[in-house]
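Inside the fold
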Amino acid sequence: MSNVMISVEPSRGALNILDILTAASIHTNVKAACRREVLSLLAQTLAAQTSATVEDICTALHERERLGSTALGNGLAVPHANVRGLRGYHAAMVLLSEPVRFAEADEKPVSIAIALISAEGQYDPRFLASIARTFRHAEVTSELMRLDSPEAVYERLVTLFGAANAERRNDS
């Protein structure tokens, strides 16, 4: 795991996942037996890039998950939480070797989890919406799952989220 620290303050426009996610914070072919293990790995990755502890991040992600599953469908979950003492937004991503159920009601188990953490009181719903829009087609998740390296996943995300930003600008 990398010790790269990235902190992006919210701007007038919605954030783009590429502003805070790097290939170093993406893990492919991850083995996890349950949601707790997925959240723990994401917390470890996020702690390596921030001043927050693994325990604080894990606690925040689990508390948010208790409010309701962050599974969005099409095999994607976006666990997100506010963590005391942080500045800006931070992200990590795992692509699982076998899907994991995030909640009993999930129609489709999760294959990809993108964790987002931010400072307390800092939340931009447009940010989550841009991720959900990009993954609204099951083909996106399927395509990413076929890639075998963090670098390949990141390059594909550059294409996907670059196109999403162009689409958003055209809708304005």
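What comes next concerns the included structure.

Conventions used here
- Residues numbered from 1 in each chain as written.
- Predicted model: local features only at pLDDT ≥ 70, side-chain atom pairs only at ≥ 80, totals over all residues.
- Heavy atoms only, no water.
- Salt bridge = Lys/Arg side-chain N within 4 Å of Asp/Glu carboxyl O.
- Helix = DSSP H or I, 4+ residues; strand = E, 2+ residues; numbered from the N terminus.
- Buried < 20%, exposed > 50% of the residue type's maximum accessible area, 1.4 Å probe, protein only.
- Core = buried A, V, L, I, M, F, W, Y, C linked by side-chain atoms within 4.5 Å.
- Contact = heavy atoms within 4.5 Å.

1. Regarding the pattern of salt bridges
- Per the stated rule, a full pass over the model turns up three salt bridges.
- For E65, the salt bridge goes to R35, with nearest N and O atoms at 4.0 Å. With E65 in helix 2 (residues 54-67) and R35 in helix 1 (residues 35-49), this pair connects stretches of sequence that are 30 residues apart.
- E65 gets classed as buried once you look at its relative accessible area, which sits at 3%.
- On the accessibility criterion, R35 (26% relative accessible area) is partly exposed.

2. With respect to the nonpolar core
- Ranked by size, the top nonpolar core spans 28 residues in total, and within it V38, L42, I57 and V94 carry the most contacts.
- Secondary structure elements with two or more residues in this core: helix 1, helix 2, strand 5 (89-100) and strand 6 (110-118).
- Take this core: its biggest share by element is seven residues, from helix 1.
- With residues up to four places along the chain from it excluded, the contact list for I57 reads A43, L46, A47, T50, A52, V83 and I117.
- In this structure, L76, I114, Y154 and L160 belong to the second largest nonpolar core, which totals 26 residues.

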